[in-house]
Amino acid sequence: MPTFFATVDVRQPSDTTVEVRRSFNAPRELLWRAHTEPQLLKRWCQGMPGWTMPVCEMDVQVGGVYLWRWRRDEGGEEFGFHGAFGEVDAPTQLAYTQYFDPGDVGGDMGEGCFIRNTFEESGGVTTMTVFMDFHTKESRDTAVSTGMTDGMEMSYARLDEIFAAA
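The residue numbering used here restarts from 1 in each chain and proceeds along that chain's sequence as written. pLDDT decides what is reported in this predicted model: residues at 70 or higher carry local features, side-chain atom pairs at 80 or more are listed and counted, and totals for whole chains, interfaces and linings draw on all residues regardless. Note that the side-chain values use all heavy atoms of the structure and ignore hydrogens as well as water.

Undergrad: Can you lay out the nonpolar core for me, pointing to particular residues and giving the numbers?
TA: The biggest cluster of nonpolar side chains holds 37 residues, and the ones touching the most others in it are Leu41, Trp44, Trp68, Trp70, Val130, Met132 and Tyr156. The greatest single-element share of this core, amounting to 6 residues, is contributed by helix α4 (residues 148-165). Once residues lying within four places of it in the same chain are set aside, the contact partners of valine 130 are Val18, Glu19, Val20, Ile115, Arg116, Asn117, Met152 and Tyr156. Only buried residues count toward a nonpolar core. Its members are Ala, Val, Leu, Ile, Met, Phe, Trp, Tyr and Cys residues joined through side-chain atoms within 4.5 Å. Working definition: with a 1.4 Å probe on protein chains only, accessible area under 20% of the residue-type maximum means buried, over 50% means exposed, and in between means partly exposed. Helix and strand definitions here come from DSSP, where helices need a minimum of 4 consecutive H or I residues and strands a minimum of 2 consecutive E residues; each element is numbered from the N-terminal end. Throughout, a contact is declared for two residues whenever any of their heavy atoms are within 4.5 Å.

Undergrad: I'd like a rundown of the sheet that holds strand β5 (residues 78-89), residues and numbers included.
TA: Taken in spatial order, the 8 strands make up an open sheet running β1-β2-β8-β7-β6-β5-β4-β3, and their pairing is antiparallel. With partners counted over all chains shown, the strands left at the sheet margins are β1 (9-11) and β3 (51-58), one partner each. Across the sheet, the mean angle separating the axes of adjacent strands is 20° when strand polarity is ignored. Across 10 bridges, strand β7 (residues 113-122) lies against strand β8 (residues 125-134) in antiparallel orientation. When the sheet's bridge partners are listed, cysteine 113 is paired in β8 with phenylalanine 134. Every axis in this analysis is a line fitted to C-alpha atoms, fitted for helices over the stretch in contact. Angles between the N-to-C directions lie between 0 and 180 degrees. On the sheet, helix α1 (residues 28-36) packs against β2 (17-24), β3, β5, β6 (93-101), β7 and β8 and is oriented at approximately 155° with respect to β7. By the convention used here, strands pair only if DSSP detects at least 2 bridges between them.

Undergrad: Describe the state of the cysteines, listing the residues and the values that go with them.
TA: Defined by distance alone, a disulfide is two cysteine sulfur atoms within 2.5 Å. The final tally for this structure, using the stated rule, is 0 disulfides. Of the cysteine sulfurs around cysteine 45, a residue in no disulfide, the closest is that of cysteine 56, at 7.7 Å.

Undergrad: Hey, could you go over unusual backbone geometry for me, with residue numbers and the actual values?
TA: Of the consecutive residues alanine 90 and proline 91, the connecting peptide bond is found in the cis state with omega at -10°. For proline 91, the location among the structural elements is in the loop between β5 and β6.

Undergrad: Describe the pairing of β6, listing the residues and the values that go with them.
TA: Looking at chain direction, β5 and β6 are connected through 7 bridges and run antiparallel. When the sheet's bridge partners are listed, phenylalanine 81 is paired in β6 with phenylalanine 100. The antiparallel pairing of β5 with β6 creates a hairpin that spans 3 residues between the two strands. Two elements, β6 and β7, share 6 bridges in a ladder whose sense is antiparallel.

Undergrad: Which residues make up the layout of surface pockets, and what are the values?
TA: Roughly 940 Å³ of volume is contained in the largest pocket. Only protein atoms enter the 1 Å grid, on which a cavity is a set of points fitting a 1.4 Å probe that cannot get out and a pocket is an open set with protein on both sides within 12 Å along at least 5 of 7 lines, lining residues being those with an atom within 4 Å of a point. Trp70, Phe79, Phe81, Met148 and Met152 are, among the 39 residues lining the largest pocket, the residues nearest its centre. Throughout, the ten residues Ala, Val, Leu, Ile, Met, Phe, Trp, Tyr, Cys and Pro are labelled nonpolar, Asp, Glu, Lys and Arg are labelled charged, and all others, Gly among them, are labelled polar. Residues that form the lining of the largest pocket fall into these classes: 26 nonpolar, 12 polar and 1 charged. Grid points are joined across faces, edges and corners, and a volume is the space filled by probe spheres set on the points.

Undergrad: Which residues make up the pairing of β2, and what values go with them?
TA: By the criterion of burial, β2 is predominantly enclosed, with 6 of the 8 residues buried. Hairpin geometry of β1 and β2 is characterised by an intervening segment of 5 residues between the two adjacent antiparallel strands. Both β2 and β8 contribute to a ladder of 8 bridges, which runs antiparallel. When the bridges of β8 are listed, valine 18 appears paired with methionine 132.

Here it is in structure tokens:
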């Protein structure tokens with residue numbers, strides 16, 4: 001497959017939403033697996049340098065729950081997210097609730113949000129759209145102010161490296 005450089009395209013289509021688009025040089029089934037298999041997710045979803053994802057528990061089915069925790073290598077601070085899957089339509093769509101557990105790192109980020117990931121493939125390139133719907137503008141703005149989308153891109157760049165090595 002030819003290589004290309006992609007970055008996240010971030011939009012805020014309303015006062016309570018964030019839309020992130022990113023293309024990957026990989027088939028959609030592989031991108032789906034990277035988002036639904038805990039051992040694969042832990043390899044790339046680490047955010048900023050110096051962090052790891054030691055806890056990744058997922059029961060990927062409608063009504064199934066998940067728990068994700070990140071830990072800073074230096075200092076050992078932790079934070080996480082948890083929620084439940086509302087839609088699981090492999091390999092095209094994954095939707096779930098998401099609640100922030102600030103652990104040692106952050107403060108309140110509101111009442112959580114609803115996330116929908118879609119995966120569309122064309123010619124071996126898969127475009128993923130992550131649509132995040134927050135309860136309030138303040139919650140959305142607080143989440144965005146954390147550098148959330150920068151951390152997403154750093155993780156996605158790791159995923160690009162994994163795909164290139166496969």
